[in-house]
Amino acid sequence: MHKEKFLNFLEFEKRYSKHTLISYQTDLTQFHLFLSTEYDISNVKEITHHLIRGWIATLLESGITARSVNRKITTLKSYFKFLIQEDIVSENPTRKIISPKKSKKIPVFVEKSKMDSLLSEIEFPDSFEGERDKLIIDVFYMTGIRLSELLSLKINDIDQPNQTIKVLGKRNKERIIPLSINLLNDILIFSEKHKINNYIFVNFEGKNLSSKKVYIIVNKCLSMVSSIEKKSPHVLRHTFATHMLNNGADINAIKEILGHSNLSATQVYTHNTIDRLKNIYKQAHPRA
């Protein structure tokens, strides 16, 4: 059903990341399997909004979250938009599709005292891996960047005079993030000591780290100080945003640093701040 042609368009024309391409491919494969299994349909021109709604209902009934279903709907909308542009179909069946409402999930984060303990009190091994692992945690926590963004950081992305670093975000959008003088110095000292002149975070042999390896590093480090169930790089992103808000940072500034396209994505972190304010109010007000 022109799936490969569509994926090639996303990869070479739109320059989507490998992670996004895999997600789109998975969504389309699941959708086409549903059509062929349930309705014996293999012609894209036979797809109607009724069939798409049937797929959505099946996904929700199977326990797939509204958030994941909405992502799959986004895939289908992009897919049919491409098919229309290529004159493969004349009508877009996704125009009548309404995305299910998703419940707002409060982001999990690590408490400030525990992050202070991890970065100030825990002793990391005096080795390349030990220094690298601590720096990984520090960069995640001090910048709020994504895992894919951390893996793509290069020494040349650093602007020393302005104490900033250039980050390549989703859909190849660049943004500039400020660095503290301590973090900047730690990165420069680490790279000079270990003769790193390209990608900052590599293994002992100088090869790029995998996403899985960084997950393992973060999980191991957070396990030293926290008992939260999920211990991932994204939790450190949540932690950065929550701690910034709790300390009075402007939400629009956080939005720019995180690379969010709209403010609603950043506002989810205000829930944690509101809970904190409620607790302070209850503890401090004599009639609370």
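Residues numbered from 1 in each chain as written. Predicted model: local features only at pLDDT ≥ 70, side-chain atom pairs only at ≥ 80, totals over all residues. Heavy atoms only, no water.

## A few points about the packing of aromatic side chains
To be explicit about the condition: Each pair of aromatic rings taken from Phe, Tyr and Trp, with Trp reduced to its six-membered ring, is defined by centres within 6.5 Å and is described as stacked if the planes are under 30 degrees apart, edge-to-face if over 60, and tilted in the remaining cases. Only DSSP runs of H or I reaching four residues or more are called helices, and only runs of E reaching two or more are called strands; each is numbered from the N terminus. Buried, partly exposed and exposed residues are distinguished by accessible area as a fraction of the type maximum, computed with a 1.4 Å probe on protein chains only: under 20%, between the cut-offs, and over 50%, respectively.
In total, this model carries 10 aromatic pairs according to the counting rule given. Here Phe-31 and Trp-55 contribute two aromatic rings whose centre-to-centre distance is 5.0 Å and whose plane-to-plane angle is 55 degrees, an arrangement assigned as tilted. Of this pair, Phe-31 sits in helix α2 (residues 18–39) while Trp-55 sits in helix α3 (residues 49–61), and the two are 24 residues apart along the sequence. On the basis of relative accessibility, which here comes to 4%, the residue Trp-55 falls in the buried class. Measuring from ring centre to ring centre gives 5.8 Å for Phe-34 and Tyr-39, while their planes differ by 70 degrees; the resulting arrangement is edge-to-face. Tyr-39 sits in the partly exposed class, given a relative accessible area of 43%.

## Focus on the nonpolar core
Just so we agree on the cut-off: The criterion is simple. A nonpolar core is a set of buried Ala, Val, Leu, Ile, Met, Phe, Trp, Tyr and Cys residues joined through side-chain atoms within 4.5 Å. Contact between two residues is taken to exist if any of their heavy atoms lie within 4.5 Å; hydrogens are not considered.
Counting residues in hydrophobic clusters, the biggest one holds 51 residues, and the most contacted among them are Met-115, Ile-136, Val-139, Phe-140, Leu-150, Phe-201 and Val-214. At the level of elements, α5 (112–120), α6 (128–143), α7 (147–151), β2 (164–168), α8 (181–193), α9 (211–223), α10 (233–246) and α11 (251–258) are the ones that each hand at least two residues to this core. Counting residues per element, this core draws most heavily on α6, which supplies 7 residues. Beyond its immediate sequence surroundings of up to four residues, Val-214 is in contact with Ile-136, Phe-140, Leu-147, Leu-150, Leu-151, Leu-209 and Pro-233. Counting 28 residues, the second largest nonpolar core, distinct from the first, contains Phe-6, Tyr-24, Ile-73 and Val-89.

## Examining the sheet that holds β2
What counts is decided by this rule: Any two strands are treated as partners once DSSP identifies two or more bridges connecting them.
Pairing in this open sheet of 3 strands is antiparallel, and the strands run β1-β2-β3 from one edge to the other. At either margin of the open sheet sits one strand with a lone partner, and together these are β1 (158–159) and β3 (174–178). Pairing between β2 and β3: 5 bridges, direction antiparallel. Residue pairing across strands places Ile-165 opposite Ile-177, the latter belonging to β3.

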